[in-house]
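# Geometric and topological summary
Each chain, written out:
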There are 4 protein chains.
Amino acid sequence: MELDFNSPKPIYLQMVDEVKKALARGELSPGDKIPSHKERAHISKVNPNTVQRAYQEMEREGLTETLRGQGTFIKNDPTLLVQIRSEMAQAAVKNFIEEMRGLGIEPEETERILRSQLYKGNEGG
Amino acid sequence: MELDFNSPKPIYLQMVDEVKKALARGELSPGDKIPSHKERAHISKVNPNTVQRAYQEMEREGLTETLRGQGTFIKNDPTLLVQIRSEMAQAAVKNFIEEMRGLGIEPEETERILRSQLYKGNEGG
Amino acid sequence: MELDFNSPKPIYLQMVDEVKKALARGELSPGDKIPSHKERAHISKVNPNTVQRAYQEMEREGLTETLRGQGTFIKNDPTLLVQIRSEMAQAAVKNFIEEMRGLGIEPEETERILRSQLYKGNEGG
Amino acid sequence: MELDFNSPKPIYLQMVDEVKKALARGELSPGDKIPSHKERAHISKVNPNTVQRAYQEMEREGLTETLRGQGTFIKNDPTLLVQIRSEMAQAAVKNFIEEMRGLGIEPEETERILRSQLYKGNEGG
DNA sequence: GTGGTCTAGACCACT
DNA sequence: GTGGTCTAGACCACC
């Protein structure tokens, strides 16, 4: 949700991920205008150039489109949401499985550990 | 084992993780000698300075100890393996759960997706 | 005719070129009235200010003249058409030749490539 | 050959084109190291960041690859040269033909004008 | 020294 | 005010 300024992952890439996640969660929809880079910079307490780089990256990935002088918009492609969502979910799962295999943990154990954590915050939070 | 030179995560931290994973998998054991930084540098095609920094980090974390003139050894602490293993597993699980929640994916769905991937490449690998 | 909003070339200059080309093609003639900037703005889906700037530029270049309350007209100069046409053609040729030389392509090869493309889409267009 | 600081085309894109042209002309070859962004910046009297942006763009296009701490290299792909060369030549030809058609100039006339200019600088230069 | 990121602030084209 | 480019200069990870 928040930017981690100490992460080795560049801020501008974190911002791209934030937009993708907001889209996946339905907080952003295709066609929506996203804040100008100056506004976003102010909100996130980041330099406008950094935001702009994030926006450039999103445009490059086909996630957004920009209208000269009007602003930046989530691309109005109905398949976008599903695409991004499954793309990111697959990546997260793949990464997790590899991590656990790297630790020599068996699939059954991986599943067990996940389950033990997965439903915890559900009651408490 | 597999360093990603384009990852934003510093190489030396990737190397620390590799040692931890090898320990978790049982490929390294407490008391084992690990290669000299020169040797390791050669194997991993990495600058010796980078390896040295990884070794420093491991020592700082209490993972290894250096014996003058004899080399660097995994600390001979029987609880180490279990500690590292569960520490890293917890971190991976936590990260995965957060990632999926960030995408607005429900726990049940998360579990389902994981299972669909978890038992796939298991026979081949 | 076809504005490229993502081109680095300013829209207003693209519009000037469009008028020149229409003149060269004979679609506009010296003395012709061109649409008011509001009308043009509506047709081209461009901000009226941008059109106005294009019109200013054309006037500055001696391409048009404005009659108070009557509108903007292509200058009634019989040599204008020939001038513009040869001017733009020379510029295009010069630019093309430089481009091909920049790629290290010999004149003979340039001619060959041009011919191979030049007579292709001619019947359909 | 030289950068045009007054062109509407961004400098960093001009620099990308320069590298492509040098490759097409055989002045650069796959595998070659290109100057560091600082060095290039000094040579071209441009800010290092601008050069870096050009280099990023080239990497994004698959034209170069970068080795952490070692520098930036033309990708060692034997087909690259031919690809780039024909890609750029086709683009130049297409652009030229469209320009001339936009001026209402017939293919035969286009060919004639080209020829009249093409072999000029050959003797004089 | 080399590439990568970030900040800060300026100028421009277009709305 | 909005995006796009550019300059200037700092800090970091790696060689």
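Being a predicted model, the structure only gives us computed values, none of them experimental.

Criteria and thresholds
- Residues numbered from 1 in each chain as written.
- Chains lettered and ligands numbered in written order.
- Predicted model: local features only at pLDDT ≥ 70, side-chain atom pairs only at ≥ 80, totals over all residues.
- Heavy atoms only, no water.
- Axes fitted to C-alpha atoms, helices over the stretch in contact; angles between N-to-C directions.
- Helix = DSSP H or I, 4+ residues; strand = E, 2+ residues; numbered from the N terminus.
- Parallel < 35°, antiparallel > 145°, perpendicular 65-115°, else oblique.
- Left-handed = near helix turned anticlockwise from the far one by under 90°.
- Contact = heavy atoms within 4.5 Å.
- Nonpolar A, V, L, I, M, F, W, Y, C, P; charged D, E, K, R; others polar.
- Pairing = 2+ DSSP bridges.
- Least-squares fit on C-alpha atoms with pLDDT ≥ 70 in both.
- Near = heavy atom within 4 Å.
- Polar contact = N/O pair within 3.5 Å; in protein donor to acceptor, adjacent residues only side chain to side chain.
- Phe/Tyr/Trp six-rings, centres within 6.5 Å; stacked < 30°, edge-to-face > 60°.
- Buried < 20%, exposed > 50% of the residue type's maximum accessible area, 1.4 Å probe, protein only.
- Buried area = accessible area lost by both parts, 1.4 Å probe.
- Salt bridge = Lys/Arg side-chain N within 4 Å of Asp/Glu carboxyl O.
- Domains from an automatic or database assignment.

## Some words on the packing of helix 2 (residues 37–44) of chain C against helix 3 (residues 48–60) of chain C
Residues and elements named next belong to chain C. Direction vectors running N to C along helix 2 and helix 3 enclose 120 degrees, while the axes themselves pass 8 Å from each other. Classified by the interaxial angle, the pair formed by helix 2 and helix 3 is oblique. Note that helix 2 runs across helix 3; the crossing there is right-handed. Contacts between helix 2 and helix 3 pair H37, R40 and A41 from the former with P48, V51, Q52 and Y55 from the latter. When grouped by side-chain class, the residues that make up the contact of helix 2 with helix 3 number four nonpolar, two polar and one charged.

## Quick notes on the pairing of strand 3 (residues 71–74) of chain C
All names here are of chain C. Strand direction decides the pairing type here: strand 1 (residues 33–34) and strand 3, joined by two bridges, are antiparallel. When the sheet's bridge partners are listed, K33 is paired in strand 3 with F73. Sheet topology places strand 2 (residues 64–67) next to strand 3; four bridges connect them, and they run antiparallel. Residue L67 lies in a different strand from strand 3, and its bridge partner there is G71.

## What about the relation of the copies chain C and chain D?
Each copy of the sequence occupies a distinct position, and chain C is placed on chain D by a rotation of 179 degrees and an axial shift of 0.0 Å, giving an RMSD of 0.3 Å. On the angle and the small slide along the axis, the relation comes out as a two-fold axis. Proximity to the rotation axis, assessed at the C-alpha, singles out P8(C) in chain C; its C-alpha lies 2.5 Å from the axis. Interface overlap between copies: 94% of the residues of chain C at the interface are likewise at the interface in chain D, consistent with a symmetric, same-surface contact.

## Topic: the protein's contact with DNA strand F
The local shell around DNA strand F holds 25 residues, among which P10(B), I11(B), T50(B), I11(D) and T50(D) are the closest. The protein-proximal atoms of DNA strand F, defined as those within 4 Å of the protein, are 70% sugar or phosphate. Between a phosphate oxygen of DNA strand F and a side-chain N or O atom of H37(A), the distance comes to 3.0 Å. Measuring from a phosphate oxygen of DNA strand F, one finds a side-chain N or O atom of T72(A) at 3.5 Å. Where the surface near DNA strand F is concerned, the elements lending two or more residues are helix 2 (37–44), helix 3 (48–60) and strand 3 (71–74) of chain A, helix 1 (11–25) of chain B together with helix 1 (11–24) and helix 3 (48–60) of chain D. With three residues, helix 3 of chain D is the single largest residue contributor to the surface near DNA strand F. Per-class residue counts for the surface near DNA strand F are seven nonpolar, 15 polar and three charged.

## With respect to the packing of aromatic side chains
Within the structure shown, the criterion is met by two aromatic pairs over all chains. Seen from their ring centres, F96(A) and F96(B) are 4.4 Å apart, and the 5 degrees between their planes marks the pair as stacked. Taken together, the positions of F96(A) in helix 4 (residues 80–102) and F96(B) in helix 4 (residues 80–102) put the pair across two chains. The buried category is assigned to F96(B), whose relative accessible area is 1%.

## Observations concerning the interface of chain C and chain D
Each partner contributes to the interface: chain C provides 35 residues, whereas chain D provides 33 residues. Overall, the association of chain C and chain D removes approximately 3200 Å² of surface from exposure, summing both partners, and the carbon and sulfur fraction of that is 67%. For the pair chain C and chain D, the interface holds four salt bridges. Counting across the interface, chain C meets chain D through nine residue pairs in polar contact (both at pLDDT 80 or more). For the side of chain C that touches chain D, the elements supplying multiple residues, two or more each, are helix 1 (11–25), helix 4 (80–102) and helix 5 (107–118) of chain C. A per-element tally of the side of chain C that touches chain D places helix 4 of chain C first, with 13 residues. When the residues that make up the side of chain C that touches chain D are grouped by side-chain class, the tally is 17 nonpolar, nine polar and nine charged.

## Notes on the protein's contact with DNA strand E
The full set close to DNA strand E counts 25 residues, and I11(A), T50(A), P10(C), I11(C) and T50(C) are the nearest of them. Here DNA strand E approaches the protein such that, of its atoms within 4 Å, sugar and phosphate make up 72%. R53(A) is positioned with one of its side-chain polar atoms (N or O) 2.7 Å from a phosphate oxygen of DNA strand E. Between DNA strand E and S36(D), the relevant distance is 3.4 Å, taken from a phosphate oxygen to a side-chain nitrogen or oxygen of the residue. For the surface near DNA strand E, the secondary structure elements donating two or more residues are helix 1 (11–24) and helix 3 of chain A, helix 1 of chain C together with helix 2 (37–44), helix 3 and strand 3 (71–74) of chain D. Sort the elements by how many residues they give to the surface near DNA strand E and helix 3 of chain A lands first, with three residues. Class assignment of the residues belonging to the surface near DNA strand E gives a composition of seven nonpolar, 15 polar and three charged.

## Regarding the sheet that holds strand 3 (residues 71–74) of chain B
Spatially, the three strands line up as an open sheet ordered 1-3-2 (chain B), and their pairing is antiparallel. Edge positions in the sheet fall to strand 1 (33–34) and strand 2 (64–67) of chain B, since each has one partner strand and no second.

## Section: the environment of K20(A)
Residue and element names in this part refer to chain A. The residue K20 is located in helix 1 in this model. Under the relative-accessibility criterion, K20 is labelled buried at 10%. A C-alpha to C-alpha distance of 12 Å links K20 and E57, two positions 37 residues apart in sequence. Here K20 is in contact with E61, L63, I84 and M88, once residues within four sequence places are set aside.

## Here's the deal with the sheet that holds strand 1 (residues 33–34) of chain D
Residues and elements named next belong to chain D. With respect to topology, three strands assemble into an open sheet ordered 1-3-2, the strand pairing being antiparallel. Edge strands, defined here as strands with exactly one partner in the open sheet, are strand 1 and strand 2 (64–67). Sheet strands touched by helix 3: strand 1, strand 2 and strand 3. Its angle to strand 2, the strand with the most contacts, is close to 115 degrees.

## Section: the domain arrangement of chain A
All names here are of chain A. Entries for chain A in the domain assignment read domain 1 (11–74) and domain 2 (80–124). Taking only C-alpha atoms into account, the centre of domain 1 sits 27 Å from that of domain 2. Listed by partner, the interface residues are eight residues for domain 1 and five residues for domain 2. Of the roughly 640 Å² buried between domain 1 and domain 2 on both sides combined, carbon and sulfur atoms contribute 80%. Between domain 1 and domain 2 we count zero salt bridges in total. Across the contact surface, domain 1 and domain 2 share one residue pair in polar contact (both at pLDDT 80 or more). With five residues, helix 1 is the largest single contributor of residues to the side of domain 1 that touches domain 2. Its residues placed into classes, the side of domain 1 that touches domain 2 shows four nonpolar, one polar and three charged.

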